[in-house]
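# Structural features, examined
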Amino acid sequence: MAAYAVAAALRGAWPPGAADTAVPFHAHLWDLAHGRSPGDLLFNWNSGYGAPFLADFFAHLMNPFSWATVLLPRDQGQCAVFLVALFSIGLGTALMTHALGRLHAGPHWLRALVAVGYGLCAWVPTVGGAAPMWLWGLVSLPLLVLAGDWCLHERRWATAALCVAAAWAGNLYTAAMATITAGLVLAVRMLAVRRPFRALVRVTGRAVTAATAGVLLAAPVLFVAVRAAQEAQPESPVQPLGPSGLGGHLARLLPGTHGGPPVPDVSIGLLGLLLVAGLPFNRRVRARERIVWCGLLALVVLSFVWTPTVLVWHGLAIPAGGPYRVAFVLSGLLVLAGWVSLAHRPDTVTLAGGAAVVLAVALVAAGQRSVRASTWVLLTVGGAVLLAALWTLEHRHADRRAGAAATAVLGCAVFGGAVWSTYAALGAPTAGTVAGAPVRAGYAVLRQAAEWPRARTDPGPHAFTPNDPLLLDGQGGGYSSGYLPTVTAYLLHDLGAGWTAGGRQTAGATDPVGQALFAVHAHLDDGPPPDGFTAVRAAAPPLVTVLRPGAGTDTSSVWSRQESLLGERVYDVPGPVPAGGPAPIAHGSSGWSVPATPAGTEGTAFTAACTPGGTAYFHGVWFNGTVSGLGTTYRSDGAQPTTAVPIHRLGVVPADGVVRVVLRADAVTQVPARPVGCLRPGALDAAVTRLTATGATRIGAGGHGLAADLPTGSTGTALLSVPATTGWTCSAGGGPYAAPRSVLGMIGVPLGSGADRINCSFRPPGLTEGLTLALASAAATALAAVFGRLRHRPTRTPRRLRRAAAERAWREEWRPPGGTWGWRSR
């Protein structure tokens, strides 16, 4: 923990990448804990204009250390995320220290120093620090190794099941990886020593049943996450793994390496590398044990370079953020194997063999871009110091002062190497920040403008993170999540709000009609000093409006979809006419193909006829290039299917009613069939006035429910400006609850012959089934624990005698050949 903190302090930076997701989610947790959030654990009213939240809570905030954020001021989110990382590193390292002792007995100081290589493996600052939710995997792996140890010794079955449950509840993603790895470690330990077949069957049965019971105890997390993933927008396709070469992979074993091609960050420091490299030469380790450990490491390494097995490690999908999020399990296996060698007191031959292997690895990797000058300093100076200290521990074991000095030297070398390697991996400080005066100012402006639940305040223009609605406690359309529902993504996309990351990151509506549809009465915009922000207000209908009976829907364009939900015609939607430049190709209702603009030419021009005095807007969706029209020029960075560009304002329609748009395309690209829409003067104000008069007179929204009073005798369809995600049930006029219908992606509640009130409630899909299985598993685990306690209690050896026997066995194992005790015991 100290090494990580010192490295971060020297860098002057918080963990890179954590600001985009971790900090906003922890700010939302602060709001939930202090009663300031409009939602609860089941539903999030802040993001995506209303989105399910429980799956995201399980994914981002189930690390127990996340609750440290409630003890800090709200604007100290980065500090809270840093503490999550710091405490996770400390707990993971402590558990690994204990797990090493269960693997083979040995001095606790040496176990702790070896475990530091796991707690600060290269994966931690490069991957785990950027997403503290994954750092629970650092805790899960040694926790599950301990559970496997109890199964191996046929005791503590219920505790093992609880450990599995803690791992899976904390983070499903890393828990699955850690469970596979712990199973492999248990298999190695079963094969390392000859055991009767019946004993192997018993151990396997205990391990399988404990794992099953533990996973079922975490069933609410599992079921909610699986159902949310089924409803979520699919991840964008990721290219298969590219060639990285033997040198690229070997380089990441060396300390202080970073950058270069995408390969697993598995470095565990120089001490661990020397020990694991010397394991094949350590004749004090049984040949059978050496073979199975070396075989396991080779098997896992091969699984990291073959695409099918990489897919298995990552849940059958290569993650877009990096193909080796699983690297921490290999680092854990390297630490375990290195301790096997150190626990058997490596001799001179072992140390020389390990040094030779490390030297060979360094020579092969010497030409890699990831190998820096600091790596050679660590290898030469650090290697000499570590080898000398290890040699002293072996050859001066009778001298307690020499042993203590050698251990102290090892500690200083490990600490210095960990600080240096972590400092290099953290990288230079980023320019952006999600703390300080700008965030506090934006938060204060939104709080002043808030009128929830009568209307929304949108934190656009999303100046800080993709999750500004969480960070600033607004109610906007922006949301970045792996569990973002497909319904939400397509609703916002179809209404012209755009998306990025293939629909896994949305933004709020920026055009006035879109904002009216989502009851946005104020949004955040740039303003004068000292705050730098101002709330731009506009008239907006209530959160619940009423569509006339028999109202139809038109999906021919983004403008017609907006009008269908608004219930009024407010746009002129002219057909564009090519008017110069490279000729576009018309594809009917599918749109236009716009050719690339040659250098030195104006670009492809379109004209459209609109009502003078109206406001023209352009919706290019996937267009990539420059758009010019009515005195406005802007860059459109569309890329199908990953990035959809939102509606953009061009300007006021001139007196002749002609809107001319010029498109300079970077490459052949598509635009919709009717990309220009002109908002008629006064049409939106009239529509908002009618919707306000016929819409809800009183709204109560909070937690995971919504209730609204309507004018007496309202008929047609009550339209909630909330995405129609699975899990909603609604009642009209006190009738039975039923799933609402979707109106172009929004929640629609039929009012029948007339109703003056609607009530809606949300329940995450999978929660009921998960709770049922968890309760059943808890009952079965409790019964098994009680039965096992009663069964073994009469014959159980007292703890005092068991400890004494273990101490004697440990001392005998560590007694040198000459019979003189050297290394101090616990």
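An account of the accompanying structure is given in this report. As the structure is a computational prediction, the values presented were derived from the model and not from experiment.

## Topic: the packing of helix α13 (residues 269-278) against helix α17 (residues 348-364)
It is at 7 Å that the axes of α13 and α17 come closest, and there the two elements cross at 110 degrees. In terms of orientation, α13 and α17 fall into the roughly perpendicular class. α17 is crossed by α13, and the crossing has right-handed handedness. Every residue of α17 that contacts α13 at L270, L273, L274, A277 and G278 is listed here: T350, G353, G354, A355, V357 and V358. Here the contact of α13 with α17 is composed, by residue class, of seven nonpolar, four polar and no charged.

## Remarks on empty space enclosed by the protein
Applying the stated criterion across every chain, the model contains six cavities of 30 Å³ or more. Its volume calculated, the largest cavity comes out at about 180 Å³. Taken together, 17 residues make up the lining of the largest cavity; nearest its centre are P52, A228, E231, F762 and P765. When contributions to the lining of the largest cavity are tallied by element, the ones reaching two or more residues are α3 (54-60) and α11 (219-231). Among the elements that line the lining of the largest cavity, the one with the most residues is α11, at four residues. Its residues assigned to classes, the lining of the largest cavity comprises twelve nonpolar, two polar and three charged. Here the second largest cavity is characterised by a volume of approximately 70 Å³. In this structure, the second largest cavity is lined by 13 residues; those nearest its centre are A516, L517, P541, T545 and L719. When contributions to the lining of the second largest cavity are tallied by element, the ones reaching two or more residues are α23 (512-517), α24 (558-566) and β24 (717-723). Of the residues forming the lining of the second largest cavity, the biggest block, three residues, is contributed by β24.

## Regarding the state of the cysteines
Per the counting criterion, the structure on display carries two disulfides. Covalent S-S linkage joins C610 and C678, the inter-sulfur distance amounting to 2.0 Å. The sign of the S-S torsion, about 65 degrees, decides the handedness of the disulfide formed by C610 and C678: right-handed. Taken together, the residues span a long stretch of sequence, with C610 in the loop between β14 (604-609) and β15 (615-618) and C678 in strand β21 (residues 676-679) at a distance of 68 residues. The same class applies to C610 and to C678, which are both buried. What pairs with C730 in a disulfide is C760, and their sulfur atoms sit 2.1 Å apart. Here the disulfide of C730 and C760 is right-handed, its torsion about the S-S bond being about 115 degrees.

## Side note on the pattern of salt bridges
For the coordinates displayed, the defined rule picks out 22 salt bridges. For R454, the salt bridge is made with E451, and the minimal N-O distance between the two is 2.9 Å. Residues E451 and R537 are paired through a salt bridge, measuring 4.0 Å at the closest nitrogen-oxygen approach. Placement of E451 in the loop between α20 (437-449) and β3 (456-458) and of R537 in strand β8 (residues 533-537) is noted, with a sequence separation of 86 residues between them. Residue classification places E451 among the partly exposed positions, given a relative accessible area of 32%. Connected via shared salt-bridge partners are R102, D149 and R189.

## Looking at the pairing of strand β19 (residues 658-665)
Alignment of β14 against β19, held across six bridges, turns out to be antiparallel. In the strand pairing of β19, A605 is matched with V662. Here strand β16 (residues 624-629) pairs with β19 via five bridges, running antiparallel. Bridge pairing in β19 links T626 to R664.

## Points about the environment of L191
Here L191 lies in helix α9 (residues 172-192). The exposure class assigned to L191 is partly exposed, which follows from its relative accessible area of 47%. Each C-alpha atom of the pair L191 and A2 lies 38 Å from the other, and the pair is 189 residues apart in sequence.

## What about the sheet that holds strand β10 (residues 571-572)?
As summarised here, the arrangement of the four strands in space is β10-β21-β15-β18, forming an open sheet in which the pairing is antiparallel. Bordering the open sheet on either side are β10 and β18 (648-652), each of which pairs with just one other strand.

## Here we look at the packing of aromatic side chains
For the coordinates displayed, the defined rule picks out 22 aromatic pairs. For the ring pair F25 and Y479, a centre distance of 6.4 Å and an interplane angle of 45 degrees mean the geometry is tilted. With F25 in helix α2 (residues 18-33) and Y479 in strand β4 (residues 479-480), this residue pair connects regions lying 454 residues apart in the sequence. Aromatic pair W123 and F328: ring centres 4.8 Å apart, planes at 40 degrees, arrangement tilted. With W123 in helix α6 (residues 123-128) and F328 in helix α16 (residues 327-343), the pair connects residues that are 205 residues apart, well separated along the chain. W123 sits in the buried class, given a relative accessible area of 0%.

## A short note on the environment of P672
Looking at the secondary structure, you find P672 in the loop between β20 (669-671) and β21. By relative accessible area, P672 is classed as partly exposed at 22%. Residues P672 and V326, spaced 346 residues apart in sequence, show a C-alpha to C-alpha distance of 42 Å. Those residues in contact with P672 that sit more than four places away from it in its chain are G591, W592, H619, G620 and V621.

## Describing unusual backbone geometry
Residues W452 and P453 are joined by a peptide bond in cis, for which omega reads 5 degrees. With respect to the helices and strands, the residue P453 is situated in the loop between α20 and β3. Cis peptide bonds are those with omega within 30 degrees of zero, and the linkage from Q640 to P641 qualifies with 0 degrees. As for its placement among the helices and strands, P641 is situated in the loop between β17 (632-637) and β18. For Y49, which is not glycine, the phi torsion reads 55 degrees and is therefore positive. Tracing the backbone through its elements, the reader meets Y49 in the loop between β1 (43-44) and β2 (51-52). Of the residues examined, Y49 reaches a relative accessible area of 0% and is grouped as buried.

## Re the environment of G106
Its location among the elements puts G106 in the loop between α4 (77-103) and α5 (108-119). Look at G106 and you get buried, because its relative accessible area is 1%. For the pair formed by G106 and A343, sequence separation is 237 residues and the distance between their alpha carbons is 5.8 Å.

The rules behind these values
- Residues numbered from 1 in each chain as written.
- Predicted model: local features only at pLDDT ≥ 70, side-chain atom pairs only at ≥ 80, totals over all residues.
- Heavy atoms only, no water.
- Axes fitted to C-alpha atoms, helices over the stretch in contact; angles between N-to-C directions.
- Helix = DSSP H or I, 4+ residues; strand = E, 2+ residues; numbered from the N terminus.
- Parallel < 35°, antiparallel > 145°, perpendicular 65-115°, else oblique.
- Left-handed = near helix turned anticlockwise from the far one by under 90°.
- Contact = heavy atoms within 4.5 Å.
- Nonpolar A, V, L, I, M, F, W, Y, C, P; charged D, E, K, R; others polar.
- 1 Å grid on protein atoms, 1.4 Å probe; cavity = no way out; pocket = protein on both sides within 12 Å on 5 of 7 lines; lining within 4 Å.
- Points joined across faces, edges and corners; volume = space filled by probe spheres on them.
- Disulfide = S-S within 2.5 Å.
- Buried < 20%, exposed > 50% of the residue type's maximum accessible area, 1.4 Å probe, protein only.
- Salt bridge = Lys/Arg side-chain N within 4 Å of Asp/Glu carboxyl O.
- Pairing = 2+ DSSP bridges.
- Phe/Tyr/Trp six-rings, centres within 6.5 Å; stacked < 30°, edge-to-face > 60°.

Honestly, it's all geometry; don't read function into it.
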